[in-house]
Amino acid sequence: MRTSLAAALVIVVLAVAALAYLLINQGIREAPEIALSNAKKLLLSENFTGTYYMTVTTQVNSRASTLNGISTTSRSPSINALVSNSTGLLMEFDGRVVHVNSTVVVWMHGDEVCQVLISISNASPYNRTATFCIPSNYSKYLLPFYVDEELLGNATYIGESSWNGETTYCFKSEITVSQPSITTGKTTTIGSPITTVINATRLCILSNGVTASATLYETSRLRHQSFATVINETLISYSFTFNQQLFSQITSRAGLG
């Protein structure tokens, strides 16, 4: 009887251990999928504002520039709009260091995609305000969420990392973005056809879907010029809100509010 009881206890212990192992490993496998699913949901259906430290290095043929600083991006999928506000950016180009503050707004306006760019710096060539709208059928990659949606859709899990003591789930992804030249009216052509390969070598996401860090490589060719850009970003803070005040202020100033 004692032998049978001991054997039964061993079997029960082994069964519980095996079940626990399966549950733990199932949780490990499911956690990245949950994070990725939440990232897609956040991108497509929830307001979000994130502040990131960014470094952007761009090389055009043999000339290179570096931009680094803090940028806050706010987006609202319900109105398909994005507001990016950067202050105190440092740009190094041809041995010069330029201080730049910039605001970029992109949004749907009827059947067009509109963009406002405001750049203020201590070097006059970099001071500019530009506003343009183009038919949305020419410009899907200008929409605030399209590129990120494709990157998440092609993501492959590569492991864990952490942000402020929280686990992040990291992915890699690569997409190719092709845009035609844009013709308005019968004769006016804006830009040239361009194809860009975006390679996200590391995209680390919190369990709630917020991107905590990312490294992206972008390569493009336009006519006889080649472009290569490396983007690194690290999350500083975030909230599930949209900067409606700044969005309304900029679009009203542009006469498109």
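Draft legend 1. Local environment of the overall build of the protein chain. When helices and strands are counted, the protein chain shows three helices and 13 strands. Within the protein chain, buried positions represent 35% of all 257 residues. Expressed as a percentage of contacts within the protein chain between residues at least 6 apart in sequence, the contacts between residues at least 24 apart total 52%. Here the protein chain has roughly 14600 Å² of accessible surface; of this, 55% comes from carbon and sulfur atoms.

Draft legend 2. A look at the pairing of strand E2 (residues 63-76). Across 13 bridges, the pairing between strand E1 (residues 48-60) and E2 is antiparallel. Each residue of the ladder has a partner; that of Gln59, found in E2, is Ala64. Counting the residues in the hairpin turn of E1 and E2 gives two residues, including Asn61, whose phi is positive at 55 degrees. Direction of pairing for E2 relative to strand E3 (residues 81-93): antiparallel, over a ladder of eleven bridges. If you follow Ser65 over to E3, its bridge partner there is Phe93. Counting the residues between successive antiparallel strands, the hairpin from E2 to E3 contains four residues, one of them, Asn80, with a positive phi of roughly 50 degrees.

Draft legend 3. Broad picture of the packing of aromatic side chains. Per the stated rule, a full pass over the model turns up seven aromatic pairs. Ring centres of Trp107 and Phe247 lie 6.0 Å apart, and the angle between their planes is 90 degrees; this geometry places the pair in the edge-to-face category. Note that Trp107 is positioned in strand E4 (residues 96-109) and Phe247 in helix H3 (residues 244-253), a separation of 140 residues in sequence. Comparing Trp107 with Phe247, the two get one shared label, buried. Grouped by ring-pair contacts, the aromatic residues Phe48, Trp163, Tyr238 and Phe240 constitute a single cluster.

Draft legend 4. Structural view of the nonpolar core. One finds Val147, Leu151, Leu152, Ile175, Ile198, Ile205 and Leu216 to be the most contacted residues of the largest nonpolar core, which totals 21 residues. For this core, the elements supplying multiple residues, two or more each, are helix H1 (2-45), helix H2 (146-153), strand E8 (166-179), strand E11 (194-206) and strand E12 (211-222). The leading source of residues in this core is H1, at five residues. Ranked by size, the runner-up nonpolar core spans twelve residues in total, among them Ala81, Val105, Trp107 and Val116.

Draft legend 5. Focus on H3. Among all positions in H3, only Leu246, Phe247, Ile250 and Thr251 are buried. One face of H3 carries all of its buried residues, which in axial projection span an arc of 120 degrees. For H3, the exposed residues lying more than 90 degrees away from the buried face are Gln245 and Arg253. Note on H3: the residue one or two positions beyond its end, Gly255, has a positive phi of about 75 degrees.

Draft legend 6. Inspection of the state of the cysteines at higher detail. In this structure the tally under the stated criterion is two disulfides. In this model Cys114 forms its disulfide with Cys133; the gap between the sulfur atoms is 2.0 Å. Residues Cys114 and Cys133 share a disulfide whose torsion about the S-S bond is about 110 degrees; that sign makes it right-handed. Taken together, the positions of Cys114 in strand E5 (residues 112-121) and Cys133 in strand E6 (residues 128-135) put the pair 19 residues apart, joining distant regions of the chain. Through a disulfide, Cys170 is tied to Cys204; the S-S separation comes to 2.1 Å. Here the disulfide of Cys170 and Cys204 is right-handed, its torsion about the S-S bond being about 105 degrees. Pair noted here: Cys170 is in strand E8 and Cys204 is in strand E11, with a separation of 34 residues, a long-range link. For the residue pair Cys170 and Cys204, the accessibility class agrees, reading buried in each case.

Calculation notes
- Residues numbered from 1 in each chain as written.
- Predicted model: local features only at pLDDT ≥ 70, side-chain atom pairs only at ≥ 80, totals over all residues.
- Heavy atoms only, no water.
- Helix = DSSP H or I, 4+ residues; strand = E, 2+ residues; numbered from the N terminus.
- Buried < 20%, exposed > 50% of the residue type's maximum accessible area, 1.4 Å probe, protein only.
- Contact = heavy atoms within 4.5 Å.
- Areas by Shrake-Rupley, 256 points an atom, 1.4 Å probe, with all protein chains shown as cover.
- Pairing = 2+ DSSP bridges.
- Phe/Tyr/Trp six-rings, centres within 6.5 Å; stacked < 30°, edge-to-face > 60°.
- Core = buried A, V, L, I, M, F, W, Y, C linked by side-chain atoms within 4.5 Å.
- Arc of directions from axis to C-beta.
- Disulfide = S-S within 2.5 Å.

Such coordinate-based values are descriptive only and should not be taken to indicate function.
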